[in-house]
Structures are given as structure tokens and as C-alpha cells.
Amino acid sequence: QVQLVESGGGLVQSGESLRLTCAPSKVIFGIYRMGWYRQAPGKQRELVASIITGITTVYADSVKGRFTISGDNAKNTVDLQMNNLKPEDTAVYYCYQGTITTQYWGQGTQVTVSS
């Protein structure tokens, strides 16, 4: 059973930065899409950023210009650099990786931004 392991969450003040990392417990073949989702209390899980075939990136409007996603398909790692964090970025962040047939999710890492 493959597990995605996330790290890098924590408590920061508004305007500060964090970097989230995600790596699998073993290599996954055929990954074509990797990304990060988040879920704030009382809200639905939403896409933050995604990278497809290691080339095309997609960002939520709320994080454009502040967050940068990067991925390594060979290593199955995906990072999320988060700059100029805001209190509204507070959420549990989940790593996602997918092949054509299978989706993998991490357990989530808490990001809390104080004002």
C-alpha cells in the first residue's frame, strides 16, 4: 500500500512563508498529475495547485502570484512554496498524486496563519 507523506506545515504569521513537501512511501509508476488541495473548517476541500505531466500548472485564483508548485515525476515528489501567507490560507493541506487509474492522497498537514 503506497502512502503519501507530507511535511512542512506549521504555524506562521501573516506575510511569512512555508514550504510543503510530499513524497510517496515507494515509487509510483505512471503518475501524470500531482497537486495540493486544502480544506478549511466548515468548508469543502478545494484545489490549491496542480501540475500535470510535469509541465502544465494550475492554481486557484486565491493563491496565484503567492504559491508555486513544483514536481519531480521521476521521484514522485511534489512541493508547494507558499509565500505571503494570509489568515485565509489556514487549512489542512493534502497532497495528491494520480495515475490514469488510481488516486493517492496524503493524510494532510496543518497550516495555520495568524494575523
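Here the structure is a predicted model, which is why all the values come from computation and not from measurement.

## Comments concerning the nonpolar core
Then, number 1: Counting 28 residues, the largest nonpolar core has Trp36, Val48, Phe67, Leu80, Met82 and Tyr93 as the members making the most contacts within it.
Then, number 2: Among the secondary structure elements, those contributing two or more residues to this core are strand S3 (18-24), strand S4 (33-39), strand S5 (46-52), strand S7 (67-72), strand S8 (77-82), strand S9 (91-98) and strand S11 (109-114).

## Regarding the pattern of salt bridges
Then, number 1: One pass over the full model with this rule turns up five salt bridges.
Then, number 2: Of the charged contacts in the structure, one is a salt bridge between Asp79 and Arg19, with a shortest N-O distance of 3.2 Å. Here the residue Asp79 occupies a position in strand S8, and Arg19 occupies one in strand S3, the gap between them amounting to 60 residues.
Then, number 3: Between Asp61 and Lys64 there is a salt bridge; the shortest N-O distance is 3.1 Å. Here Asp61 and Lys64 have matching classes, each one exposed.
Then, number 4: It is possible to trace a salt-bridge network through shared partners that takes in Arg38, Glu46, Arg66 and Asp89.

## Here's the deal with the side chain of Arg33
Then, number 1: Relative to the helices and strands, Arg33 resides in strand S4.
Then, number 2: Comment: no salt bridge for buried Arg33; closest opposite-charge side chain is Glu46, at 13 Å.
Then, number 3: A polar side-chain atom of Arg33 sits 3.0 Å from a polar atom in the side chain of Tyr37.

## Regarding the packing of aromatic side chains
Then, number 1: Scanning the entire structure with this criterion turns up three aromatic pairs.
Then, number 2: Plain terms: the ring middles of Tyr37 and Trp105 are 5.1 Å apart, the flat faces sit at 65° to each other, and that makes the pair edge-to-face. A residue pair is termed long-range when its members are at least 10 positions apart, and Tyr37 in strand S4 and Trp105 in strand S10 (residues 103-105) qualify at 68 residues.
Then, number 3: Here Tyr37 falls in the buried class, since its relative accessible area comes to 15%.
Then, number 4: Assessed through its relative accessible area of 31%, Trp105 is described here as partly exposed.
Then, number 5: A connected cluster of aromatic rings, assembled from ring pairs, spans Tyr37, Tyr96 and Trp105.
Then, number 6: For the cation-ring pair, Arg45 lies above Tyr94, with the distance from its terminal atom to the ring centre recorded as 3.7 Å.

## Looking at the environment of Arg19
Then, number 1: For Arg19, a relative accessible area of 39% puts it in the partly exposed group.
Then, number 2: The spatial distance from the C-alpha of Arg19 to the C-alpha of Gln81 is 4.5 Å, given a sequence separation of 62 residues.
Then, number 3: Dropping the residues within four chain positions of it, Arg19 is found in contact with Ser7, Gly8, Ser70, Asp79, Leu80 and Gln81.
Then, number 4: Within polar-contact distance, the side chain of Arg19 engages the side chain of Asp79 at 3.2 Å.
Then, number 5: Side-chain polar atoms of Arg19 contact the side chain of Gln81, separated by 3.0 Å.

Conventions and cut-offs
- Residues numbered from 1 in each chain as written.
- Predicted model: local features only at pLDDT ≥ 70, side-chain atom pairs only at ≥ 80, totals over all residues.
- Heavy atoms only, no water.
- Core = buried A, V, L, I, M, F, W, Y, C linked by side-chain atoms within 4.5 Å.
- Buried < 20%, exposed > 50% of the residue type's maximum accessible area, 1.4 Å probe, protein only.
- Helix = DSSP H or I, 4+ residues; strand = E, 2+ residues; numbered from the N terminus.
- Salt bridge = Lys/Arg side-chain N within 4 Å of Asp/Glu carboxyl O.
- Lys, Arg positive; Asp, Glu negative; His and termini not counted.
- Polar contact = N/O pair within 3.5 Å; in protein donor to acceptor, adjacent residues only side chain to side chain.
- Phe/Tyr/Trp six-rings, centres within 6.5 Å; stacked < 30°, edge-to-face > 60°.
- Lys NZ or Arg CZ within 6 Å of the ring centre and 35° of its normal.
- Contact = heavy atoms within 4.5 Å.

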